[in-house]
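Descriptive structure summary
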Amino acid sequence: MNSFYGKIVTTWLCLIIPLTTLAQQKNMVLVKGGEFIPLYGVDSATVKVNSFFMDVYPVTNAEYQQFVIDHPKWRKSKVLKLYADASYLANWENDTTFSKDFLPDAPITSVSWFAAKSYCEYQGKRLPTVDEWEYAAMADAVSPDARKKEDYNKYILSWYETSNTIKNPIGSTFKNYWGIYDLHGAAWEWTLDFNSVLISGESRKDVDKDSDLFCGSAAVGASDLMNYAAFMRYAFRGSIKAQYSIKNLGFRCIQDVNTNQ
Amino acid sequence: MKNLSVFIIIITLLFSSCGNKKKQEVAETNKELSELSIYNLPSVWTSQNNKETELKDLRGDVLVMVMIYTSCQVACPRLVADMRDIESKLPNEKKQNVKFVLVSIDPETDTPERLKEFAIENEMDSDQWLFLRGSESDTREFAAVLAVNYKKISPMDFSHSNIISVFNQEGELVHQKEGLGVNNGETIQAIIDLAK
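Everything quoted here is computed from the prediction, not taken from an experiment.

The rules behind each value
Counting starts from 1 at the beginning of each chain's written sequence and moves along it residue by residue. Working convention: letters from A go to chains and numbers from 1 go to ligands, in the order in which they are written. This being a predicted model, a pLDDT of at least 70 is required before a residue's local features are given, and a value of 80 or more before pairs of side-chain atoms are given or counted; all residues contribute to the totals for chains, interfaces and linings. No hydrogens and no water enter the side-chain calculation; it runs on all heavy atoms of the structure. Paired strands, in this sense, are two strands between which DSSP finds at least two bridges. Secondary structure elements are defined from DSSP: runs of H or I of at least 4 residues count as helices, runs of E of at least 2 residues count as strands, and each element is numbered from the N terminus. All axes here are fitted lines through C-alpha atoms, helices being fitted over the stretch that makes contact, and every angle between N-to-C directions spans 0 to 180 degrees. Any two of the Phe, Tyr and Trp rings considered here, Trp counted by its six-membered ring, make a pair once their centres fall within 6.5 Å; the pair's planes then place it as stacked at under 30 degrees, edge-to-face at over 60, or tilted in between. For the exposure calls, accessible area comes from a 1.4 Å probe over protein chains only, and a residue counts as buried if that area is under 20% of its type's maximum, exposed if over 50%, partly exposed in between. In this scheme, Lys NZ or Arg CZ marks a charge over a ring once it lies within 6 Å of the ring centre and within 35 degrees of the ring normal. UniProt positions are given in the numbering used here, feature names are shortened, and annotations may be inferred rather than shown by experiment. Working rule for contacts: check all heavy atoms of both residues, and any pair within 4.5 Å makes them a contact. In the sections that follow, a salt bridge refers to a side-chain nitrogen of Lys or Arg positioned within 4 Å of a carboxyl oxygen of Asp or Glu. A pocket, in this scheme, is an open set of points on a 1 Å grid over the protein atoms alone with protein on both sides within 12 Å along at least 5 of 7 lines, while a cavity is a set where a 1.4 Å probe fits but cannot get out; residues line either one if an atom lies within 4 Å of a point. Grid points are joined across faces, edges and corners, and a volume is the space filled by probe spheres set on the points. Basically, the charged four are Asp, Glu, Lys and Arg, the nonpolar ten are Ala, Val, Leu, Ile, Met, Phe, Trp, Tyr, Cys and Pro, and anything else, Gly included, counts as polar.

1. A short note on the sheet that holds strand β2 (residues 52-54) of chain B
Strands pair in a sheet through their backbones, by hydrogen bonds, and they do so in one of two ways: parallel or antiparallel. All names here are of chain B. Reading across the sheet, the seven strands line up as β2-β1-β5-β4-β3-β8-β9 and stay open at both edges, with mixed pairing between neighbours. The open sheet has two free edges, formed respectively by β2 and β9 (173-178), since each of these has just one partner strand. Direction aside, neighbouring strands of the sheet carry axes that sit 30 degrees apart on average. Where strand β4 (residues 98-104) and strand β5 (residues 129-133) come together, four bridges link them in parallel fashion.

Right, here's the structure in full:
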């Protein structure tokens, strides 16, 4: 009897311990932390990013459908206006059915920041910060930082000019250095602190004027393709509000490596 | 049998330490709250008097809100001055239904003690004035609601939008004014119109 239970214990331990110690979930990969200089860093200095697990793919229509089935308060007829504007899930047939025009495994879009944040929290995850997202997304297929490569930048910029990529199934773009798909080439993605981008009303200016919207230093310094592509993303983030639900804006989640929980 | 109990204990421990914690559905109370009300936010804050406060505790008053941090040298003193200016221009009979709320974007530095000192230094220590600090993520969320953007740019300094927001008694955003030292006539009128 004792040896029988002993065996079970050993088997369970072998199965479970590797899974729980990493706290990593299915379809996530490790992005090893490091330092980099983002376009809008802290006083243009190096930013340190800790290691994290990132979803390999953006959250899909089918996954989000399951979420609203499980959590009725995020259905389009139920969601508080404080948390999502009228465009939330705009093209859905009804509360729990997404549009027939979209594939189940295409990225979910038209979701607000509050909804995206809540989705990740229900999975025991969170949205990536701007720095974390940019850090993971500066990789191409072979290197962790491809920002100086012409091909990489051309790829991103040509995507910015392509419409309807949100109709493609996830995984239609390249697999990057970390094993992550679709950071570029599918949908734009929410970040946790998207509202840390200041393109207006900044503390060093006395008055907020539209003429100062794209503050000179940043625009003039953006002298190459690399900065141009990143600049588009930062400008976009700086121009949106948390209630907005935009048809090419989706999200994915990440998880801290050392969750001290 | 000893092994069996060890087995049970281990399994229990493993499962309870599992990282995949699901949040409990927060019970939806206060059904009569407007959908746009900030009183829907479940966050809990600490005041300058070290008192735990939920936003919905403020229901019933007109709120004039701003996000600041106390170690700020440039914009915040002017934002604070703007708040005091608004307060001073309100007729006395209206004031008792108005609360001036200053929410810290630097909760790490702005402890309740620090907020209290700041309140006293700036003669904003009457019941009219409420200073709040919350967790980093609740602060980020609250800023998102107010459309206030901010970023830590050095250990002591933040960039942030300078926005004064006015909420009605039900916590709905009624008026916002962006900028420093701007004409506050409209803001004052909005408050007077709301305060009974």
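So that's the structure; there's more coming.
2. Topic: the packing of aromatic side chains
Both the distance between ring centres and the angle between the ring planes are used here to describe each pair of aromatic rings. Residues and elements named next belong to chain A. Under the definition given, this model contains 25 aromatic pairs over all chains. Measuring from ring centre to ring centre gives 5.1 Å for Trp-113 and Phe-114, while their planes differ by 75 degrees; the resulting arrangement is edge-to-face. For the pair Trp-113 and Phe-114, a shared accessibility class is recorded, and that class is buried. Taking 5.4 Å as the distance between ring centres and 85 degrees as the angle between the ring planes, the aromatic pair formed by Tyr-155 and Phe-174 counts as edge-to-face. One end of the pair, Tyr-155, is in helix α5 (residues 150-160); the other, Phe-174, is in the loop between α5 and β5 (188-189), with 19 residues separating them in the sequence. What makes Tyr-155 partly exposed here is its relative accessible area of 32%. Given a relative accessible area of 24%, Phe-174 falls into the partly exposed group. The structure contains a cluster of three or more aromatic residues connected by ring pairs, namely Tyr-64, Phe-67, Trp-92, Phe-98, Tyr-119, Tyr-122 and Phe-251. Here the guanidinium or amino end of Arg-237 rests over the ring plane of Tyr-234, the centre of that ring lying 5.1 Å away.

3. Overview of the UniProt feature "binding site: Cu cation" (unreviewed entry) in chain B
Residue and element names in this part refer to chain B. Listed under "binding site: Cu cation" (unreviewed entry) in the UniProt record, and renumbered for this structure, are Cys-72, Cys-76 and His-160. Sequence-wise these annotated residues cover 89 residues; spatially they are packed, their C-alpha atoms never more than 10.5 Å apart. Cys-76 gets classed as buried once you look at its relative accessible area, which sits at 1%. Apart from residues lying up to four places away in sequence, Cys-76 is in contact with Ile-68, Tyr-69 and His-160. Turning to its location among the elements, His-160 is positioned in strand β7 (residues 157-160). For His-160, a relative accessible area of 0% gives the class buried.

4. Brief notes about the environment of Glu-108 of chain B
Residues and elements named next belong to chain B. Relative to the elements of secondary structure, Glu-108 occurs in the loop between β4 and α4 (112-121). Overall, Glu-108 belongs to the exposed group, its relative accessible area being 64%. Note: C-alpha distance between Glu-108 and Arg-133 (25 residues apart in sequence) is 8.9 Å.

5. A closer look at the pattern of salt bridges
All names here are of chain A. Summed over the entire model, instances satisfying the criterion amount to 22 salt bridges over all chains. Measuring nitrogen to oxygen at the nearest pair gives 2.9 Å for the salt bridge that ties Arg-237 to Glu-134. Placement of Arg-237 in helix α7 (residues 225-239) and of Glu-134 in helix α4 (residues 130-137) is noted, with a sequence separation of 103 residues between them. Looking at Arg-237, the relative accessible area reads 5%, which means it is buried. Among the residues examined, Glu-134 registers a relative accessible area of 6% and is labelled buried. As a salt-bridge pair, Arg-252 and Glu-189 come within 2.8 Å of each other at their nearest N and O atoms. You can see Arg-252 sitting in the loop between β6 (249-250) and β7 (254-256) and its partner Glu-189 sitting in strand β5, a full 63 residues away along the chain.

6. Concerning the side chain of Asp-61 of chain B
Residue and element names in this part refer to chain B. Along the chain, Asp-61 falls in the loop between β2 and β3 (62-68). Residue class for Asp-61 comes out buried when judged on its relative accessible area of 17%. Beyond its immediate sequence surroundings of up to four residues, Asp-61 is in contact with Tyr-39, Gln-96, Asn-97, Lys-99, Phe-167, Asn-168 and Gln-169.

7. Regarding the side chain of His-175 of chain B
All names here are of chain B. Turning to its location among the elements, His-175 is positioned in strand β9. Overall, the relative accessible area of 11% leaves His-175 in the buried class. Those residues in contact with His-175, other than ones at most four positions away along the chain, are Ile-164, Ser-165, Val-166, Glu-186, Thr-187 and Ala-190.

8. Considering empty space enclosed by the protein
Residues and elements named next belong to chain A. The full count for this structure, using the stated rule, is four cavities of 30 Å³ or more. One number sums up the size of the largest cavity: a volume of about 110 Å³. Along the walls of the largest cavity sit 15 residues, with Trp-188, Glu-189, Arg-233, Phe-236 and Arg-237 positioned nearest its centre. Mapped by element, the contributors of at least two residues to the lining of the largest cavity are α5, β5 and α7. Broken down by element, the residue count for the lining of the largest cavity peaks at three residues, all from α7. By residue class, the composition of the lining of the largest cavity is 11 nonpolar, one polar and three charged. By volume, the second largest cavity is sized at about 70 Å³.

9. Concerning the sheet that holds strand β1 (residues 28-31) of chain A
Residue and element names in this part refer to chain A. Read across the open sheet, the three strands follow the order β1-β4-β7; overall the sheet is antiparallel. Each edge of the open sheet is held by one strand with a lone partner, namely β1 and β7. Neighbour to neighbour, the strand axes of the sheet diverge by 25 degrees on average, direction disregarded. Relative to β7, strand β4 (residues 52-55) runs antiparallel, the two sharing three bridges. Bridged to Phe-52 within β7 is Asp-256. Across the face of the sheet, α4 comes into contact with β1, β4 and β7 while running at roughly 75 degrees to β4.

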